[in-house]
Amino acid sequence: YKRQIPDNVSSDTTLYVYFAGHGAPDAEKGSPYLVPFDGDIRFLRNTGYPLKSFYDDINKLKIRRSYVFLDSCFSGVASRAAEMLIKGARPVLVHTKQVPVDPRKMVALSASSSGQMSHAFPKTEHGLFTYYLLRALGGEADSDDDRWLSIKEVYEYVRRHVSREAKKMGQEQTPEIMPSTKTLKDVAIGKVLW
């Protein structure tokens, strides 16, 4: 990533980043980490990717804007709440520190709020967040029927549907957006093709 992406972007680039996988909190500080496929939660500081560093690396790119979509929670639970990343461990829902983003350059949507798990949606073979994100980006979030998707339309659609479906499953999951919708300048992120 650190060589390939910077070599292939320009000042006109809009970068979309999607990550579906594990996240975990640093046990001492509560800082969130992304856990790549070859990461080991027991050695999180050596094998994980601190979320702050992830955002900082994207912000350093000389691009117009970036959109980050994270289908991950930072509870240490694997397989979307099916089992723990460390065998035999008990789930502890840690409230991780929120990592701010530069609102002029980045918008980040995450699958769940701090202290919540990101749940699977078994009948779709996706995570709950990913399933509704794909539907939103496919055009269903176009609430004003102007044939353009705005970031706020996408977020509101995903938040509403994920929260509702999680409640039906007896769970709680509320996607978050940063910066908040109160301070976020709404922008079009795509055209509805159908």
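Computed from a predicted model, the values in this text were never measured in an experiment.

Caption draft 1: Representation of the packing of aromatic side chains. The final tally for this structure, using the stated rule, is seven aromatic pairs. Between the aromatic rings of Tyr49 and Phe54, the centroid separation amounts to 5.5 Å while the plane-to-plane angle is 85 degrees, which identifies the pairing as edge-to-face. Grouped by ring-pair contacts, the aromatic residues Phe121, Tyr131, Tyr132 and Tyr157 constitute a single cluster.

Caption draft 2: Molecular detail of the nonpolar core. Membership of the largest hydrophobic core comes to 25 residues, with the highest contact counts inside it found for Leu109, Ile151, Val154 and Val158. At the level of elements, strand 5 (65-71), strand 8 (106-110), helix 4 (128-140) and helix 5 (151-168) are the ones that each hand at least two residues to this core. Per-element tally for this core: the top contributor is helix 5, with seven residues. Dropping the residues within four chain positions of it, Ile151 is found in contact with Tyr67, Val107, Leu109, Ile177, Leu184, Asp186, Val187 and Ile189. Counting 18 residues, the second largest nonpolar core, distinct from the first, contains Leu61, Leu70, Phe74 and Val101.

Caption draft 3: Structural view of the pattern of salt bridges. One pass over the full model with this rule turns up eight salt bridges. One salt bridge connects Arg45 with Asp26, and the closest N-O pair in it is separated by 2.6 Å. Of the two residues, Arg45 sits in helix 2 (residues 44-47) while Asp26 sits in the loop between strand 2 (22-25) and strand 3 (32-35), which places them 19 residues apart along the sequence. Classification of Arg45 by relative accessible area gives partly exposed; the value is 46%. What makes Asp26 buried here is its relative accessible area of 6%. Across the pair Lys52 and Asp56 runs a salt bridge, and its minimum N-O distance is 2.9 Å. One end of the pair is Lys52 and the other is Asp56, both in helix 3 (residues 51-59) and four residues apart, which spans about a single turn. According to the relative accessible area criterion, Asp56 is partly exposed, its value standing at 29%. A network of salt bridges, in which partner residues are shared, links Asp26, Glu28 and Arg45.

Basis of the calculations
Residues numbered from 1 in each chain as written. Predicted model: local features only at pLDDT ≥ 70, side-chain atom pairs only at ≥ 80, totals over all residues. Heavy atoms only, no water. Phe/Tyr/Trp six-rings, centres within 6.5 Å; stacked < 30°, edge-to-face > 60°. Core = buried A, V, L, I, M, F, W, Y, C linked by side-chain atoms within 4.5 Å. Buried < 20%, exposed > 50% of the residue type's maximum accessible area, 1.4 Å probe, protein only. Helix = DSSP H or I, 4+ residues; strand = E, 2+ residues; numbered from the N terminus. Contact = heavy atoms within 4.5 Å. Salt bridge = Lys/Arg side-chain N within 4 Å of Asp/Glu carboxyl O.

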